[in-house]
Amino acid sequence: MASTDWNMKNDGFTFRKRLRSFRYAFNGIRLLVTKEHNAWIHCFAAVCVIAAGFLLDISQLEWIAVVIVIGAVLAAEAVNSALEALADFVSPEYSEAIKRTKDLAAGAVLLMAIAAAIVGGIIFFPKLAALF
């Protein structure tokens, strides 16, 4: 196997392989934020939440919660997008099993987004209510 193959064999640790794996991971993040329309919505929401966090001076623990749920939503969207791309490649024609797989993955993103919205509500509603 050539050393430039994206599918690296597990034949030992090298810093070069670790750096390459980070390059692949950062490329995945780049693809997520540049090519996946639903990720754009999540990124926009994240920017709004981060701005609100600064404006409302949320606590360190609140920041931890915000960062975790933003990361979880974006990670779920990345996994969903990867599953959809793989499913479309494996089965370009309609398949009930592929549809079910895609629906389940999309549902996972929705569940995480709902959880993130609840966390946001718990953090931000009291602070917004105090302003009014």
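Definitions and cut-offs
- Residues numbered from 1 in each chain as written.
- Predicted model: local features only at pLDDT ≥ 70, side-chain atom pairs only at ≥ 80, totals over all residues.
- Heavy atoms only, no water.
- Disulfide = S-S within 2.5 Å.
- Buried < 20%, exposed > 50% of the residue type's maximum accessible area, 1.4 Å probe, protein only.
- Axes fitted to C-alpha atoms, helices over the stretch in contact; angles between N-to-C directions.
- Helix = DSSP H or I, 4+ residues; strand = E, 2+ residues; numbered from the N terminus.
- Parallel < 35°, antiparallel > 145°, perpendicular 65-115°, else oblique.
- Contact = heavy atoms within 4.5 Å.
- Nonpolar A, V, L, I, M, F, W, Y, C, P; charged D, E, K, R; others polar.
- UniProt positions renumbered as here; feature names shortened; annotations may be inferred.
- Polar contact = N/O pair within 3.5 Å; in protein donor to acceptor, adjacent residues only side chain to side chain.

**What to know about the state of the cysteines**
Summed over all chains, the structure comprises zero disulfides. In this structure C43 is a free cysteine whose sulfur lies 11 Å from that of C48, the closest cysteine sulfur available. What makes C48 partly exposed here is its relative accessible area of 38%.

**Quick look at the packing of helix α1 (residues 15-35) against helix α2 (residues 37-55)**
In contact at an axis separation of 6 Å, α1 and α2 are set at 90° when each is read in the N-to-C sense. The angle between α1 and α2 places the two elements in the roughly perpendicular class. Residues L32, V33, T34 and K35 of α1 form the contact with α2, whose own contacting residues are H37, A39, W40 and C43. For the contact of α1 with α2, a count of residues per class yields five nonpolar, two polar and one charged.

**Describing the UniProt feature "binding site: a divalent metal cation" (unreviewed entry) in the chain**
UniProt feature "binding site: a divalent metal cation" (unreviewed entry): in the numbering of this structure it lies at E36 and E84. Over a stretch of 49 residues, the named residues converge on one spot in the fold, their C-alpha atoms separated by at most 11.1 Å. Its location among the elements puts E36 in the loop between α1 and α2. Residue classification places E36 among the partly exposed positions, given a relative accessible area of 28%. Those residues in contact with E36 that lie beyond four places of it in its chain are L31 and S81.

**Looking at the side chain of N80**
Note on placement: N80 falls in helix α3 (residues 60-90). Those residues in contact with N80 that sit more than four places away from it in its chain are K102, A105, A106 and V109.

**Concerning the UniProt feature "binding site: ATP" (unreviewed entry) in the chain**
Mapped onto this numbering, the UniProt entry gives "binding site: ATP" (unreviewed entry) at Y24, E36, E84, K102 and D103. A maximum C-alpha distance of 26.5 Å is found for the annotated residues, which run over 80 residues; spatially they are spread out rather than grouped. Mapped onto the secondary structure, E84 falls in helix α3. Of the residues examined, E84 reaches a relative accessible area of 27% and is grouped as partly exposed.

**Remarks on the side chain of S81**
You can see S81 is positioned in helix α3. For S81, a relative accessible area of 8% gives the class buried. Polar contacts involving the side chain of S81 include one to the side chain of E36, which spans 3.4 Å. Not counting residues within four places of it along the chain, the set of residues in contact with S81 comprises L32 and E36.

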